[in-house]
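Read off the chains here:
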Amino acid sequence: MSETELRKRQAQFTRELHGDDIGKKTGLSALMSKNNSAQKEAVQKYLRNWDGRTDKDAEERRLEDYNEATHSYYNVVTDFYEYGWGSSFHFSRFYKGESFAASIARHEHYLAYKAGIQRGDLVLDVGCGVGGPAREIARFTGCNVIGLNNNDYQIAKAKYYAKKYNLSDQMDFVKGDFMKMDFEENTFDRVYAIEATCHAPKLEGVYSEIYKVLKPGGTFAVYEWVMTDKYDENNPEHRKIAYEIELGDGIPKMFHVDVARKALKNCGFEVLVSEDLADNDDEIPWYYPLTGEWKYVQNLANLATFFRTSYLGRQFTTAMVTVMEKLGLAPEGSKEVTAALENAAVGLVAGGKSKLFTPMMLFVARKPENAETPSQTSQEATQ
Ligand SMILES: CC(C)=CCC[C@@H](C)[C@H]1CC[C@H]2C3=C(CC[C@]12C)[C@@]1(C)CC[C@H](O)C[C@@H]1CC3
Ligand SMILES: C[S@@+](CC[C@H](N)C(=O)[O-])C[C@H]1O[C@@H](n2cnc3c(N)ncnc32)[C@H](O)[C@@H]1O
């Protein structure tokens, strides 16, 4: 199927699944408005790739099907994410006494600061979700953001929120696959990506596209999901944790930190910062909301969020969704989605506690001032 046909089909499917009036409803009320058969199809499309097999063939299939698989994954999890987490789909570090929202925003500000984003810069947000980080970074720095995403439902939501919060002049959201970007070369002053490029089947693929669209001298800052130096792919317990993360988070393959660092260099980037922010012996770990350990709750205002993300709250949500599905209030397959998200939570906490995994490997990389653009290189090759 051609790229244009795929896009048309995905957009059409999004209308069938979520209807035309996207944005006003969020979380469980949005879930209840979904089309039953389209939801069933989306859940099947997502889960067909994660059938428990971890052999090379199964891995190859997941890597090949990355676009449809992540598109379907976010079609079915976005409402749950917004219900349980909010509109920024990423983790963050926590300081004592800090609220959940403040910690999420600080993590975004930090990336904007490390990327060197200035007022008036044109910035690309790769894999922008429903635009939570883009709205925060645009307000914080005064930059203009283009959010790139291959999920039509999230794009519609991001546009809706930008309008609602009077930010439409500072941002736009476009549909596209980050492995094949449509932007002109040397377009953006800065590029950032938050917990999104791990959905790529090959990191060189997405990093080289970022390199292409970044202006020479511009920086790219990313919070990457990677397996750490402690990870041993041949250790079945380690592989089980990685697989749980892949299954529950719609990731074709979790890569090792060295693969990511090398990929940046292979694409021509100078790597300026390479630091695992999870490796700071923080008193309150990044994965605390998923553990259900009350001792970590920092702020009474966070009780609702904490309950929904905790083990007990997740069991409650699963039970509620099961009943809703039986009564026909939630579309078929919703229960399976909560089960997959449970795998995510379990794998992420296990990966975090054992330090086999980090969701906040910070890389800041620069495209050299004198960089040759890919088209220059290919022109020279043909001369
Ligand atoms: C998938 C990637 C690359 C990043 C997303 C990171 C996090 C925002 C999500 C990872 C697992 C998610 C879960 C939930 C919210 C969003 C995550 C933390 C829930 C708490 C949402 C409410 C459900 O009932 C349980 C979910 C568990 C997993
Ligand atoms: C975990 S979410 C993070 C979203 C956002 N960065 C945030 O922090 O709120 C990952 C995002 O990457 C997007 N994504 C995954 N694969 C993609 C692809 N091939 N092209 C463009 N976007 C993609 C998803 O649709 C989703 O919006």
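Before reading on, note that the structure itself is shown above.
Predicted, not measured: the structure shown is a model, and the values here were computed from it. (Residues numbered from 1 in each chain as written. Chains lettered and ligands numbered in written order. Predicted model: local features only at pLDDT ≥ 70, side-chain atom pairs only at ≥ 80, totals over all residues. Heavy atoms only, no water.)

Trainee: I'd like a rundown of the environment of L341, residues and numbers included.
Mentor: You can see L341 is positioned in helix α15 (residues 334-354). Residue L341 is classed as buried on the basis of its relative accessible area, which comes to 18%. Each C-alpha atom, one on L341 and one on A112, is 29 Å from the other, the two residues being 229 residues apart in sequence. Discounting residues that sit within four places of it in the chain, L341 has contacts with Y73, V77, F80, Y81 and G248. (Helix = DSSP H or I, 4+ residues; strand = E, 2+ residues; numbered from the N terminus. Buried < 20%, exposed > 50% of the residue type's maximum accessible area, 1.4 Å probe, protein only. Contact = heavy atoms within 4.5 Å.)

Trainee: So, helix α3 (residues 36-47): which residues are in play, and what are the values?
Mentor: Across its 12 residues, α3 extends 17 Å between first and last C-alpha, which sits within 8% of the 16 Å expected from 1.5 Å per residue. Taken as a whole, α3 has its buried residues at A38, Q39, A42, V43, K45, Y46 and L47. Tucked into the core, α3 has its buried residues touching α1 (3-18), α5 (66-84), α10 (236-249) and α15. (Expected span 1.5 Å × (residues − 1).)

Trainee: Requested: an account of the site of ligand 2, with residues and values cited.
Mentor: Every one of the 21 residues lining ligand 2 counts as a neighbour, but F89, G127, N149, Q154 and F178 are closest to it. Residue G176 places a main-chain N or O atom 3.5 Å away from a nitrogen atom belonging to ligand 2. I194 has a polar backbone atom sitting 2.9 Å from a nitrogen atom of ligand 2. Out of a free accessible area of 590 Å², ligand 2 has 99% covered by protein chains. With 3 residues, α5 is the single largest residue contributor to the shell around ligand 2. (Near = heavy atom within 4 Å. Polar contact = N/O pair within 3.5 Å; in protein donor to acceptor, adjacent residues only side chain to side chain. Areas by Shrake-Rupley, 256 points an atom, 1.4 Å probe, with all protein chains shown as cover.)

Trainee: Describe in detail the pattern of salt bridges, supporting the description with residues and values.
Mentor: Summed over the entire model, instances satisfying the criterion amount to 28 salt bridges. In this structure, R61 and D51 form a salt bridge, with 3.4 Å as the shortest nitrogen-oxygen distance. Of this pair, R61 sits in helix α4 (residues 56-64) while D51 sits in the loop between α3 and α4, and the two are 10 residues apart along the sequence. Exposure remark for D51: the relative accessible area of 42% places this residue in the partly exposed category. Between R93 and D282 there is a salt bridge whose closest N-O contact spans 2.8 Å. Here R93, found in the loop between α5 and α6 (100-115), pairs with D282, found in the loop between β6 (270-276) and α12 (288-291); they are 189 residues apart in sequence, far enough to count as distant. The buried category is assigned to R93, whose relative accessible area is 17%. (Salt bridge = Lys/Arg side-chain N within 4 Å of Asp/Glu carboxyl O.)

By themselves these figures say nothing about function.
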